[in-house]
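# Coordinate inspection notes
Each chain, letter by letter, is given below.
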Amino acid sequence: MRSALISGASVAGPALAWFLRRDGWEVTVVERAPGPRTSGYAVDFRGDAIPVLATIGILDEVREHEIHMRGTLLVDASGTTVGNLPASTFAGELEVPKSVLTGILQRVADVTYLFDDTITALVQHDDRVTVSFERAPTRDFDLVFGADGVHSAVRRLVFPGGDPIQHLGMSGVGFTTANHFGLHHRGRLQAEPGRAVYAFSAEDRSRMTVSLSFATSAALPDRAAHEAAARELFADQPRLLADMATADDFYFAATCQVHLDRWSTGRVALLGDAGFCAAPTSGMGTSQALVAASTLARCLAVHGEDHTTAFEQYEKELRPYITENQRRGREAVAGFGGLVTDRNPAVIDSSPAGC
């Protein structure tokens, strides 16, 4: 029985784990988080991702948690509604809370999980990879896969050199708070040059998820910088800023993409945001994570022990799909309310940093 280690237990990791276990692999998944995540935004599925859910056997279960958004209200600076966007503007063919999706995937994968741990070293040999962990004992695996997000530890260890993260000129913060806007299965968007406030509420009418997005000339380095930028640009939203300060699920990120000339080296391969993040603005992150997991597993099954050829085929098949998704991600940022312009006074300047 061949053995595989997957770093990352969000979407791409558990999906790949399911396919590999089905094909007879012994699979271990390591995840930095202390346990399964219970918060996060809604995620949607488009195109070829739907058949992947069906193949795994979870499509009907996922559909049971569909949030059924009814559209997004457009409001002006005074909060007056000036228009309405259909649900299809932001959602794909199916939309569910991310925590639901990851919980289902982790359960059905039925593999060994190492939570609250991470990979600290990888040594590749002709016939195996020796992996050192922060907590668990050192072990050997036949193959290692990095599905551990934009700031992938696996990518950092096996792809040294230049930074593959490309900042797209937009950053943001997110959190959950009381439903001040009275939303129900609906979103609310206030977009102006340099910034945007988006909120939505689905199943729990008492709560809403808020995203404060703003233009940045480069990626902000840490949480403090993101909070400071939000306080400066959204000073006219004191209630939301107060909620941000006390939120227990505060999230911050820069809108970025990952560009690599190759997604594998030796016995190590990348998938999901670790290898080819298309940016949240593409609307394709979850879908391409599922499609990548399915494609990679199929190539490994076809080529048996020849992982090198399998990895080459995986990239050949998937690269055009990823390129198109990344194009969509860039175009969406460019058209996002004039966020990124040299003349825009709302753009926050910062030193170059990782996304």
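For the structure, see preceding data.
I will try to describe carefully the structure that is included in this document. All of these numbers come straight from a predicted model, not from anything done at the bench. (Residues numbered from 1 in each chain as written. Predicted model: local features only at pLDDT ≥ 70, side-chain atom pairs only at ≥ 80, totals over all residues. Heavy atoms only, no water.)

### Observations regarding the overall build of the protein chain
What the protein chain contains, in helices and strands, is ten helices and 18 strands. With the C-alpha coordinates of the protein chain rotated into their principal frame, the extents come out at 65 × 45 × 35 Å. For the protein chain, buried positions account for 52% of its 355 residues. Within the protein chain, counting contacts between residues at least 6 apart in sequence, those at least 24 apart form 71% of the total. Of the accessible surface of the protein chain, which amounts to about 15,500 Å², a share of 50% is contributed by carbon and sulfur atoms. (Helix = DSSP H or I, 4+ residues; strand = E, 2+ residues; numbered from the N terminus. Buried < 20%, exposed > 50% of the residue type's maximum accessible area, 1.4 Å probe, protein only. Contact = heavy atoms within 4.5 Å. Areas by Shrake-Rupley, 256 points an atom, 1.4 Å probe, with all protein chains shown as cover.)

### Overview of the side chain of threonine 286
Following the sequence through the fold, threonine 286 ends up in helix α9 (residues 285-303). The contacts of threonine 286, once residues within four sequence positions are left out, are Val11, Val43, Asp44, Phe45 and Leu101.

### Let's talk about the pattern of salt bridges
Side chains carrying opposite charge are able to pair once their charged atoms draw close together. This model, assessed by the stated rule, comprises 17 salt bridges. Measuring nitrogen to oxygen at the nearest pair gives 3.2 Å for the salt bridge that ties glutamate 192 to arginine 195. What makes arginine 195 buried here is its relative accessible area of 9%. Where arginine 328 meets glutamate 324, a salt bridge forms, and the shortest distance between an N and an O atom there is 3.5 Å. With arginine 328 and glutamate 324 both in helix α10 (residues 307-334) and four residues apart, the pair spans about one turn of that helix. For arginine 328, a relative accessible area of 38% puts it in the partly exposed group. (Salt bridge = Lys/Arg side-chain N within 4 Å of Asp/Glu carboxyl O.)

### Points about the environment of leucine 122
Position of leucine 122 among the secondary structure elements: in strand β8 (residues 119-124). Each C-alpha atom, one on leucine 122 and one on serine 282, is 32 Å from the other, the two residues being 160 residues apart in sequence. Beyond its immediate stretch of four places on either side in the chain, leucine 122 contacts Val129, Thr130, Val131, Val144, Val154, Leu157 and Val158.

### Section: the pairing of strand β2 (residues 26-31)
Counting buried residues along β2, five of its six residues qualify, which places the element largely inside the surrounding structure. Two elements, strand β1 (residues 3-7) and β2, share five bridges in a ladder whose sense is parallel. Each bridged residue has a counterpart across the sheet, and for serine 7 the counterpart in β2 is valine 30. As paired elements, β2 and strand β7 (residues 112-115) share four bridges and run parallel to each other. The residue of β7 that forms the bridge with valine 29 is tyrosine 113. (Pairing = 2+ DSSP bridges.)

### Examining the environment of isoleucine 67
Looking at where isoleucine 67 falls in the secondary structure, it is placed in the loop between α3 (59-63) and β4 (72-75). For the pair isoleucine 67 and histidine 307, spaced 240 residues apart in sequence, the C-alpha to C-alpha distance is 40 Å. For isoleucine 67, the contacting residues outside a window of four places in its chain are Ala42, Glu95, Val96, Pro97, His185, Ala202 and Glu203.

### Here's the deal with the layout of surface pockets
As a volume, the second largest pocket reaches approximately 310 Å³. Lining the second largest pocket are 15 residues, and of these Arg155, Phe159, Gly162, Pro164 and Leu260 sit closest to its centre. Residues of the lining of the second largest pocket, tallied by class, amount to five nonpolar, five polar and five charged. (1 Å grid on protein atoms, 1.4 Å probe; cavity = no way out; pocket = protein on both sides within 12 Å on 5 of 7 lines; lining within 4 Å. Points joined across faces, edges and corners; volume = space filled by probe spheres on them. Nonpolar A, V, L, I, M, F, W, Y, C, P; charged D, E, K, R; others polar.)

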